Amino acid sequence: MGFNCGIVGLPNVGKSTLFNALTQTAQAEAANFPFCTIEPNTGRVSVPDSRLDVIAAITKPERVVPTSLEFVDIAGLVRGASKGEGLGNQFLANIREVDAICHVLRCFEDENITHVEGKIDPIADAETVETELMLADMESLEKREIPLQKRIRGGDKEAVRELKLCERALELLKNGQPARTLEVAEDDKKTFKMLQLLTGKPVLYICNVEEESAGEGNSQSARVFEKAVNEGAEAVVISAKIEEEIAQLGSDEEKSEFLETLGLEETGLSRVIQAGYKLLGLITFFTQGPKEVRAWTVREGGKAPEAAGAIHTDFQRGFIRAETIAYEDFTSLGGEAACKDAGKVRQEGKEYVTKDGDLMLFKFNI
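Residues numbered from 1 in each chain as written. Predicted model: local features only at pLDDT ≥ 70, side-chain atom pairs only at ≥ 80, totals over all residues. Heavy atoms only, no water.

Before we go on, may I ask you to explain the nonpolar core in this structure?
Nonpolar side chains in soluble globular proteins tend to end up buried together. Grouped together as the largest cluster of nonpolar side chains are 54 residues, with contacts concentrated most on L69, F71, Y205 and I206. The element that contributes the greatest number of residues to this core is helix α10 (residues 268-279), accounting for 6 residues. With residues up to four places along the chain from it excluded, the contact list for F71 reads C5, I7, F19, L22, N41, T42, G43, V45, C102, V272 and I273. If you look at the next biggest cluster of nonpolar residues, it comprises 18 residues, including L165, L173, L182 and L197. (Core = buried A, V, L, I, M, F, W, Y, C linked by side-chain atoms within 4.5 Å. Buried < 20%, exposed > 50% of the residue type's maximum accessible area, 1.4 Å probe, protein only. Helix = DSSP H or I, 4+ residues; strand = E, 2+ residues; numbered from the N terminus. Contact = heavy atoms within 4.5 Å.)

Below, the structure is given as structure tokens:
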């Protein structure tokens, strides 16, 4: 099961620099001109989780494998993208394919780096991108109305529900509100997702600040955080320049020393990855044994068979039960054997909802 975040924003805000640092590659060419990124670059990054090291210290496996997220570096957008300006059509098509949007906003001054709008205003930049996405969504919904009306005349009851959802979303968009702010009933969530609305995707605002503001942000990033709170979105502060320098260091020790000299406790990239994980509504469960301790990703609220399917589809198809230990029990008691002796190993069936931090062993039969 793959989960990915699309990195978007206006040209020259630091998208490709951020992507390079995230993936520690030179895969995305960073340059001081619009549309440097044309084809989207993709890269998988490990999700930081200190619990994995704690479990490994107890189990002492041959290898430790973290879970991961995929990030996609998408071409910079300009005003008029919804009508095909710049690389508009390609940009919009690429966004439809991702699960969440990481919106990079320039919150720093630098006369050597051009800005397509000629001024530094992250709120205006965010609104430019969102306006183009809303216009594209409105056009998409309007195109759906006639085919849905035909289906309704033919007695299709599902089309009635879909049309009502489209009309509600369209009204919201016309009032300048993104589709993600629409209240959707549980029964309609699958239909809403199938609409593939660009503004229906969860958003993480990434405030790219100057090096001196990497810890606490600045006045521009504060404005973005306020916007995120009002929208129910997420926001983090990073300095893409610092992250680029950290990515070039060889060892974890060197990186820690460099962070310490800057007065930082963790990299901005760790905050981005963790926020992206939270944004997608994901949790982590673990498997452990002498050969491997591994972290796995599943959607919050997912049941035990779904967690089994994250490892292999056969595990989900032939699921019988899951031997489950809570992370707190495993670490406080000192391992699987002690948990068994203390009666802390539970046998969970198909309806069990996986909890963040669960250690699981699946029994299956195909």
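Here the narrative resumes.
Whenever I open this one, empty space enclosed by the protein confuses me. Can you help?
Rolled over the atoms, a probe sized like a water molecule indicates the empty space that remains. Per the stated rule, a full pass over the model turns up 1 cavity of 30 Å³ or more. Taken as a whole, the largest cavity encloses approximately 70 Å³ of empty space. Around the largest cavity, the lining residues are V8, I101, H103, A126, V129, E130, L133, R180, L198, T199, V203 and Y205. Where the lining of the largest cavity is concerned, the elements lending two or more residues are β5 (100-106), α4 (122-153) and β6 (203-208). Looking at the lining of the largest cavity element by element, the count peaks at 4 residues for α4. (1 Å grid on protein atoms, 1.4 Å probe; cavity = no way out; pocket = protein on both sides within 12 Å on 5 of 7 lines; lining within 4 Å. Points joined across faces, edges and corners; volume = space filled by probe spheres on them.)

Mind showing me how you'd approach the pattern of salt bridges here?
A side chain of one charge can pair with a side chain of the opposite charge if their charged atoms are brought near each other. Under the defined criterion, the tally for this structure stands at 20 salt bridges. In this structure, R161 and D188 form a salt bridge, with 3.3 Å as the shortest nitrogen-oxygen distance. Note that R161 is positioned in helix α5 (residues 157-174) and D188 in the loop between α5 and α6 (189-194), a separation of 27 residues in sequence. Between E234 and K278 there is a salt bridge; the shortest N-O distance is 3.6 Å. One end of the pair, E234, is in strand β7 (residues 234-238); the other, K278, is in helix α10, and 44 residues separate them in sequence. Residues participating in the shared-partner salt-bridge network are E130, R180, K227 and E231. (Salt bridge = Lys/Arg side-chain N within 4 Å of Asp/Glu carboxyl O.)

For this particular structure, what's the right way to read the pairing of strand β9 (residues 292-299)?
Looking along a regular strand, one sees the side chains alternate between the two faces of the sheet. With 6 of 8 residues buried, β9 is to be regarded as a mostly interior element. With 3 bridges connecting them, strand β3 (residues 63-65) and β9 associate as parallel partners. Bridge assignment links R63 to a residue of β9, and that residue is E292. Relative to β9, strand β8 (residues 282-288) is paired through 7 bridges, and the arrangement is antiparallel. (Pairing = 2+ DSSP bridges.)

How do you make sense of helix α11 (residues 304-311) when you look at a structure like this?
In an α-helix, one full turn covers 3.6 residues, which means residues spaced three or four apart are oriented alike. Buried residues dominate α11, accounting for 6 of its 8 residues. For α11, the elements touching its buried residues are β8, β9, α12 (313-317), β10 (319-325) and β12 (359-364).

Just checking my understanding: could you explain the sheet that holds β6 for this structure?
The mixed open sheet is built from 6 strands, whose spatial order is β2-β4-β1-β5-β6-β7. Strands with a single pairing partner mark the edges of an open sheet, and in this sheet they are β2 (41-46) and β7. Across this sheet, the average inter-strand angle for adjacent strands is 25 degrees, counted without regard to direction. Here 4 bridges tie strand β1 (residues 4-8) to β5, and the two strands are oriented parallel to one another. Considered in β5, the bridge of V8 is made with H103. Docked against the sheet, helix α1 (residues 15-23) engages β1, β2, β4 (68-73), β5, β6 and β7, running at close to 45 degrees with respect to β2. (Axes fitted to C-alpha atoms, helices over the stretch in contact; angles between N-to-C directions.)

Help me out: how do you make sense of a negative patch on the surface in this one?
On the surface, a cluster of negative charge is contributed by E253, E254, E257 and E260. Positionally, E254 belongs in helix α9 (residues 252-262). Under the relative-accessibility criterion, E254 is labelled partly exposed at 39%. (Patch = residues over 30% accessible without salt bridge, like charges linked within 9 Å, V, L, I, M, F, W, Y side chains within 5 Å. Areas by Shrake-Rupley, 256 points an atom, 1.4 Å probe, with all protein chains shown as cover. Lys, Arg positive; Asp, Glu negative; His and termini not counted. Charge placed at Lys NZ, Arg CZ, Asp CG, Glu CD.)

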